[in-house]
Amino acid sequence: MSNYKFFDQVNKAFDKAAAYTKFDTGLLEQLKACNAVLHIAFPLKRDDGTIEVIQGWRVQHSHHKLPTKGGIRYSMMVNEDETMALAALMTYKCAVVDVPFGGAKGGIMINKAKYSDAELERITRRYTFELYKKNFIGPATDVPAPDYGTGAREMGWILDTYRQLSDELNADGCVTGKPLEQGGIRGRTEATGRGVFFGIQEACDNAEDMKEIGLERGVEGKTFVIQGLGNVGYHAAKNLYDAGAILVGVAEVEGSIYSKKGINLDALMEYRAEKGVITGFEGTKTLKDSGSVLKSECDILIPAALENQLNIKNANSIKAKIIGEAANGPTTIDAHEIIKNRGALIIPDNYLNAGGVTVSYFEWLKNIQHVRFGRLGKRFEEDSYRKILSVIEAVSERQFSDKELKILAKGGGEEDLVDSGLKDTMITSYNQINEIRKVHNVDLRTAAFINAIEKLGNIYERMGIFP
Ligand code: NAD
């Protein structure tokens, strides 16, 4: 769809929600605007000695809170419009889950598969250098993270480049999603997918919400289809699968597979690691194209690849009762209306995939505090629990086994605390936006936008506007 404009789509959803808020047009226009847009073009010397021009962007959507925060995407679809839309979504997402950052996003227009590791490292380091020179990176200004096509390895290169340019004390906080040995945090890699799971689980555990769409309560036994088995998609699928949901379909770039009886996710991952594709996996039907499986019978459909996947062309064929938007912008505004009017529950991106930025926030806090979560309290908690347990043993017949003591007297380490913070964030925020949904009789996306606009508007109203 050539006339698809992602930033317009985000703004349309914003406008719909803004009608339910008290703010006047001028302030709303300010909330929507991207505060700073950087477009860079720099040369890459390829391994064969030829020179290629690389295009990149970084957009800081809102400076109402600093630093700004948002991932870096490597894809051929990256352009200014996409980066602006993704940066705006970051602002609203952070507001919804109460993460105190403004939104930002970056991207480099490359097909990763075409470059060697050494070339990707040169691209990433040069991009970081450009960001640094233009004041678009720093622990107090703008903090990138992984997104489509990037991961811990790229974040490690970014930190290392930044460190060579700056000797500031909090330099480790200039980027999140880093490898553990470079100041990363346990649980960040799986955070977005795990957050998607917590959000879907919370919706499914809500008997009233499930009744509205004609489903039983609980995740267990529900069938689901996933589009994109990357970082977010895999971890969302793995968590749902482990909780007893049945994976019936998977879409990847090379094609899609379906099995009514269920697909063994662990075996599929092994097969994919060996063959490089998901198609042809034993016990499944390989469908004629990647998008076909999105239209299959299932309770939950999770688009976890890219934007504009559920659109006017396929919306009428989508049968899922729950759409869990793990990707950013997977559903167009038109498709949203069609799917919603059919009676489905759409759990929107600006809430559902916020687990990544939430744990990035924890990582940034760890970096600027210079101490791992749990480092001070874990042993103290364990000793206290053991004392309580020994009192229980002394006054009762009960003697705890070593195994029981290990479980009952466990103090909170980094992994536990991060997971608990993530779970609490996803549950609390779901209930917050669900409440707004009911008060205004709107859909969850509109409710999430109302929530974000109210929080942002209240801050902007108190901000000094300089002449
Ligand atoms: P990723 O690069 O790890 O994985 C994306 C996967 O989608 C890849 O396996 C790719 O082959 C597949 N894919 C691409 N086009 C497809 C298509 N048309 N059909 C089926 N599969 C396709 O990326 P990711 O980090 O998992 O990001 C996925 C989405 O989640 C993006 O929209 C991103 O913005 C969003 N997101 C990511 C994070 C994060 O922490 N990584 C956080 C929030 C939101």
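Description of the structure in this document. Computed from a prediction, not measured in an experiment: that's the story for all the values here.

**A word on the site of the ligand**
Thought 1: Around the ligand there are 25 residues in total, and Arg73, Asp147, Thr192, Val232 and Glu252 lie nearest to it.
Thought 2: For the ligand, an oxygen atom lies 2.8 Å from a polar atom in the side chain of threonine 192.
Thought 3: Contact distances for the ligand include 3.2 Å between an oxygen atom and a backbone N or O atom of alanine 305.
Thought 4: Isolated, the ligand exposes 830 Å² of accessible area, and the fraction of that covered by the protein chains is 87%.
Thought 5: Only α6 (188-205), α8 (231-242) and β7 (246-252) provide two or more residues apiece to the shell around the ligand.

**Regarding the side chain of aspartate 443**
Thought 1: For aspartate 443, the location among the structural elements is in the loop between α15 (414-440) and α16 (444-462).
Thought 2: Residue aspartate 443 is classed as buried on the basis of its relative accessible area, which comes to 10%.
Thought 3: Among the polar contacts made by the side chain of aspartate 443, one reaches the side chain of lysine 16 at a distance of 3.0 Å.
Thought 4: Ignoring anything within four residues of it in the chain, the contact list for aspartate 443 reads Lys16, His336, Lys340 and Arg437.

**Quick notes on the sheet that holds strand β3 (residues 68-74)**
Thought 1: In spatial order, the strands read β1-β2-β4-β3-β5; together these five strands make up an open sheet with mixed pairing. Two strands lie at the open edges of the sheet, namely β1 (36-45) and β5 (142-146), each paired on one side alone. Strand-to-strand twist of the sheet, defined as the mean angle between neighbouring strand axes without regard to direction, takes the value 20 degrees.
Thought 2: Direction of pairing for strand β2 (residues 51-60) relative to strand β4 (residues 102-108): antiparallel, over a ladder of five bridges. The residue bridging glycine 56 from the neighbouring strand is isoleucine 108, located in β4.
Thought 3: Lying over the sheet, helix α4 (residues 117-133) contacts β1, β2, β3 and β4, oriented at roughly 140 degrees with respect to β1.

**Concerning a positive patch on the surface**
Thought 1: Taken together, the side chains of Lys288, Lys295, Lys319 and Arg342 define a basic patch exposed on the protein surface.
Thought 2: The residue lysine 288 is located in the loop between β9 (285-287) and β10 (300-303) in this model.
Thought 3: Residue lysine 288 is classed as exposed on the basis of its relative accessible area, which comes to 79%.

**Notes on unusual backbone geometry**
Thought 1: Following leucine 66, the chain continues into proline 67 via a peptide bond in cis, with omega recorded as 5 degrees.
Thought 2: Within the fold, proline 67 resides in the loop between β2 and β3.
Thought 3: Of note in the backbone geometry, asparagine 135 takes a positive phi value of approximately 60 degrees without being a glycine.
Thought 4: By the secondary structure assignment, asparagine 135 is in the loop between α4 and β5.

**Brief notes about the sheet that holds β7**
Thought 1: Strand order in the open sheet formed by seven strands is β9-β8-β7-β6-β10-β11-β12, and the pairing between neighbours is mixed. Edge strands, defined here as strands with exactly one partner in the open sheet, are β9 and β12 (345-347). On average, adjacent strands in this sheet sit at an angle of 20 degrees to one another, irrespective of strand direction.
Thought 2: Examined bridge by bridge, strand β6 (residues 223-227) and β10 share four bridges and lie parallel to one another. Across the sheet, residue isoleucine 226 finds its bridge partner in β10, namely isoleucine 302.

**Overview of a nonpolar patch on the surface**
Thought 1: A grouping of Tyr385, Ile388 and Ile392 is seen on the molecular surface, where their side chains present a nonpolar patch of about 250 Å² in accessible area.
Thought 2: When you line up the elements, isoleucine 388 lands in helix α13 (residues 378-395).

**With respect to the nonpolar core**
Thought 1: Counting residues in hydrophobic clusters, the biggest one holds 90 residues, and the most contacted among them are Ile200, Val250, Ile302 and Ile347.
Thought 2: Top contributing element to this core by residue count: helix α3 (residues 80-96), with 11 residues.
Thought 3: Excluding residues within four positions of it along the chain, valine 250 makes contact with Ile226, Leu229, Gly255, Ser256, Ile257, Ile263, Leu268, Ile278 and Val293.

**Some details on the environment of threonine 428**
Thought 1: Checked against the element boundaries, threonine 428 lands in helix α15.
Thought 2: The partly exposed category is assigned to threonine 428, whose relative accessible area is 38%.
Thought 3: Polar side-chain contacts of threonine 428 include one of 2.7 Å to the backbone oxygen of aspartate 424.

**Comments concerning the pattern of salt bridges**
Thought 1: Considering all chains together, one arrives at 38 salt bridges under this definition.
Thought 2: In this structure, arginine 46 engages glutamate 119 in a salt bridge whose closest nitrogen and oxygen atoms are separated by 3.0 Å. With a gap of 73 residues between them, arginine 46 in the loop between β1 and β2 and glutamate 119 in helix α4 connect regions that are remote in the sequence. By the burial criterion, arginine 46 is buried, and glutamate 119 matches it.
Thought 3: A salt bridge links arginine 122 to aspartate 47; its shortest N-O distance comes to 2.9 Å. Of the two residues, arginine 122 sits in helix α4 while aspartate 47 sits in the loop between β1 and β2, which places them 75 residues apart along the sequence.
Thought 4: Residue arginine 122 is classed as partly exposed on the basis of its relative accessible area of 36%.

**Points about helix α5 (residues 152-165)**
Thought 1: Across its 14 residues, α5 extends 20 Å between first and last C-alpha, which sits within 8% of the 20 Å expected from 1.5 Å per residue.
Thought 2: Among the residues of α5, those classed as buried are Glu154, Met155, Gly156, Trp157, Ile158, Leu159, Thr161 and Tyr162.
Thought 3: Close packing links the buried residues of α5 with β3, α4 and β5.

**Regarding the pairing of β6**
Thought 1: Counting buried residues along β6, five of its five residues qualify, which places the element largely inside the surrounding structure.
Thought 2: Going residue by residue along β6, you find Thr223, Val225 and Gln227 tucked away on one face and Phe224 and Ile226 tucked away on the opposite face as well.
Thought 3: A crossover links β6 with its parallel partner β7, the connecting element being α8, and its sense is right-handed.

Reading the values: rules and limits
- Residues numbered from 1 in each chain as written.
- Predicted model: local features only at pLDDT ≥ 70, side-chain atom pairs only at ≥ 80, totals over all residues.
- Heavy atoms only, no water.
- Near = heavy atom within 4 Å.
- Polar contact = N/O pair within 3.5 Å; in protein donor to acceptor, adjacent residues only side chain to side chain.
- Areas by Shrake-Rupley, 256 points an atom, 1.4 Å probe, with all protein chains shown as cover.
- Helix = DSSP H or I, 4+ residues; strand = E, 2+ residues; numbered from the N terminus.
- Buried < 20%, exposed > 50% of the residue type's maximum accessible area, 1.4 Å probe, protein only.
- Contact = heavy atoms within 4.5 Å.
- Pairing = 2+ DSSP bridges.
- Axes fitted to C-alpha atoms, helices over the stretch in contact; angles between N-to-C directions.
- Patch = residues over 30% accessible without salt bridge, like charges linked within 9 Å, V, L, I, M, F, W, Y side chains within 5 Å.
- Salt bridge = Lys/Arg side-chain N within 4 Å of Asp/Glu carboxyl O.
- Lys, Arg positive; Asp, Glu negative; His and termini not counted.
- Charge placed at Lys NZ, Arg CZ, Asp CG, Glu CD.
- Core = buried A, V, L, I, M, F, W, Y, C linked by side-chain atoms within 4.5 Å.
- Expected span 1.5 Å × (residues − 1).
- Right-handed = clockwise from strand over helix to strand, strands pointing away.

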